[in-house]
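# Working through the structure, step by step
Below are the chains, spelled out letter by letter.
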Amino acid sequence: MLSSIGRAAIRRVVAAPSRASTNKIPQSNWALQRLDGYKAIGNTSLRPTGALQRCYATAGRSKGATTKSKAPTKKAAAKPKSKPKLKKAVKAPKKNVKKVVKKKPAVKKKKILTPEQKENALIKELKAIALSPPKKKPYSAWTVYVTEASAAKAAGETVATVAKAAAPKFRALGAAELEHLNHKANQNKLANNIAYKDFIQSYTPDQIRLANNARKQLKKKTKGASWTTLVDERIPSRGQRPLSIFIKERFNSGDFRGVKTTEALSLIVKEYKELSPSHKQKYEDLSAADQLRYEQEYKTVFHRDTPTVEKKAAAAAAA
């Protein structure tokens, strides 16, 4: 017979739900072992019920599941050691520098000039082109004497008053004193020529040509000013016309010595008009040769053709 303890154990097993936890398996095994002992003594009335069999079967499967070897877990691959990060250089704080805004230059309005102002501006420009030759030293006995007298003039005295007072004294000078003044004047004349030549040579022939053109305009626009033509031996002289060659020839003949220039010119022009065509051809040929000489020399000096030749070439190209 079962003891009271055995019966209580069987009751707990039968009453337990089928979904018993695997933690109760040792207790179930103990109960079954007790049951098997009773079978051995022939007590068939105490055979386990269906619920107990299910519990046993479940407990057997759970036991088999626990005995299975667990699959070895793969170790995670060791991560490559990261390179030590370089410390970023700490930038110095930027200074607040004020930007200088450049102001745009103000557009100057063109000043509207009056006709008189335009004329004055033109004269100023022409004077700059006209060039200023070196100041001449006194080159005559009289100018030397007045210059020396002006050096000792009193304050406020003008050169005109000095010259007026010096005139009777100059006329009273002796031969030795005049010779001394003439000697000084000749030396000054020689120095003037050298200085003038150096002045001309310091500019190109084209600059001297433009200066003479400006001087011609200034002579018309200004009053009382002397704008003489600058003499440059490098600039070729223009070709002479047939009449000019004839006039020069007739004056050099000496036939009009003692005759007034105006009267001589009128007579020479009359003679030229009365010449025969064959006789005129002589002077026309001389004029053509002189014009060719001028064009060649002009091109050599200025490195271009004369304006007349350029106009003819342009007309021929347009035709």
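Conventions we followed
Residues numbered from 1 in each chain as written. Predicted model: local features only at pLDDT ≥ 70, side-chain atom pairs only at ≥ 80, totals over all residues. Heavy atoms only, no water. Helix = DSSP H or I, 4+ residues; strand = E, 2+ residues; numbered from the N terminus. Buried < 20%, exposed > 50% of the residue type's maximum accessible area, 1.4 Å probe, protein only. Contact = heavy atoms within 4.5 Å. Areas by Shrake-Rupley, 256 points an atom, 1.4 Å probe, with all protein chains shown as cover. Core = buried A, V, L, I, M, F, W, Y, C linked by side-chain atoms within 4.5 Å. Salt bridge = Lys/Arg side-chain N within 4 Å of Asp/Glu carboxyl O. Patch = residues over 30% accessible without salt bridge, like charges linked within 9 Å, V, L, I, M, F, W, Y side chains within 5 Å. Lys, Arg positive; Asp, Glu negative; His and termini not counted. Charge placed at Lys NZ, Arg CZ, Asp CG, Glu CD. Axes fitted to C-alpha atoms, helices over the stretch in contact; angles between N-to-C directions. Parallel < 35°, antiparallel > 145°, perpendicular 65-115°, else oblique. Left-handed = near helix turned anticlockwise from the far one by under 90°. Nonpolar A, V, L, I, M, F, W, Y, C, P; charged D, E, K, R; others polar. pLDDT = per-residue confidence, 0-100. Polar contact = N/O pair within 3.5 Å; in protein donor to acceptor, adjacent residues only side chain to side chain. Expected span 1.5 Å × (residues − 1). Bend = angle between axes of the 7 residues up to and from the residue.

Another aspect to go through is the overall build of the protein. Scanning the protein from terminus to terminus reveals 12 helices and zero strands. The burial tally for the protein puts 20% of its 319 residues in the buried class. Look at the contacts in the protein between residues 6 or more apart in sequence, and 69% of them connect residues 24 or more apart. Carbon and sulfur atoms make up 58% of the accessible area of the protein, which totals about 26,400 Å².

Further remarks concern helix α9 (residues 242-252). Turning to α9, its buried residues are P242, I245, F246, I247 and R250. Where α9 is buried, its residues touch α10 (261-273) and α11 (277-302). Within two residues after α9, G254 carries a phi angle of roughly 85°, on the positive side.

Turning to the nonpolar core, a few remarks are in order. I245, F246, I247, F256, A264, I268, Y272, L275 and Y283 form the largest nonpolar core, which has nine residues in total. Secondary-structure elements contributing two or more residues to this core are α9 and α10. In this structure, A264 is in contact with F251, F256 and V259, ignoring residues within four places of it in sequence. In this structure, A141, A166, L173 and L181 belong to the second largest nonpolar core, which totals eight residues.

Across all of its chains, the model carries 11 salt bridges by this definition. Linking D232 and R234 is a salt bridge whose minimum nitrogen-to-oxygen distance equals 3.0 Å. Among the ionic pairs, D305 bridges to K299, the shortest N-O distance being 3.5 Å. Assessed through its relative accessible area of 46%, K299 is described here as partly exposed.

Among the surface-exposed residues, K216, K219, K220 and R238 lie close enough to one another that they form a single positively charged patch. Structurally, K220 can be placed in helix α8 (residues 205-221). Judged by relative accessible area, which is 76%, K220 ranks as exposed.

This part is about the packing of helix α5 (residues 141-151) against helix α6 (residues 159-171). At a minimum axis separation of 9 Å, α5 and α6 run at an interaxial angle of 120°. Between α5 and α6, the angle falls in the class oblique. As for the relative orientation of α5 and α6, their crossing is right-handed in sense. Contacts between α5 and α6 involve A141, W142, Y145, V146, A149 and S150 from the former and V159, V162, A163, A166, A167, K169 and F170 from the latter. Split into classes, the residues belonging to the contact of α5 with α6 amount to 11 nonpolar, one polar and one charged.

The predicted model of the protein has a mean per-residue pLDDT of 79, with 68% of residues at 70 or higher. Overall, residues 38-46 carries pLDDT values under 50, and its contacts beyond four positions in sequence, including any with other chains, amount to eight contacts.

Okay, the side chain of R215 next. Assignment of secondary structure puts R215 in helix α8. Among buried Asp, Glu, Lys and Arg side chains, R215 stands out as unpaired, with D232 the closest opposite charge at 12 Å. At 3.0 Å, the side chain of R215 forms a polar contact with the backbone oxygen of L131. For R215, the contacting residues outside a window of four places in its chain are A130, L131, P133, W227, T228 and L230.

Before going further, it helps to spend a moment on α6. Across its 13 residues, α6 extends 18 Å between first and last C-alpha, which sits within 8% of the 18 Å expected from 1.5 Å per residue. Considering bend angle alone, the principal kink of α6 is centred on A165 and spans about 30°; proline P168 follows within four residues of it. Among all positions of α6, only V162, A163, A166, A167 and F170 are buried. For α6, the secondary structure elements touched by its buried residues are α5 and α7 (175-201).

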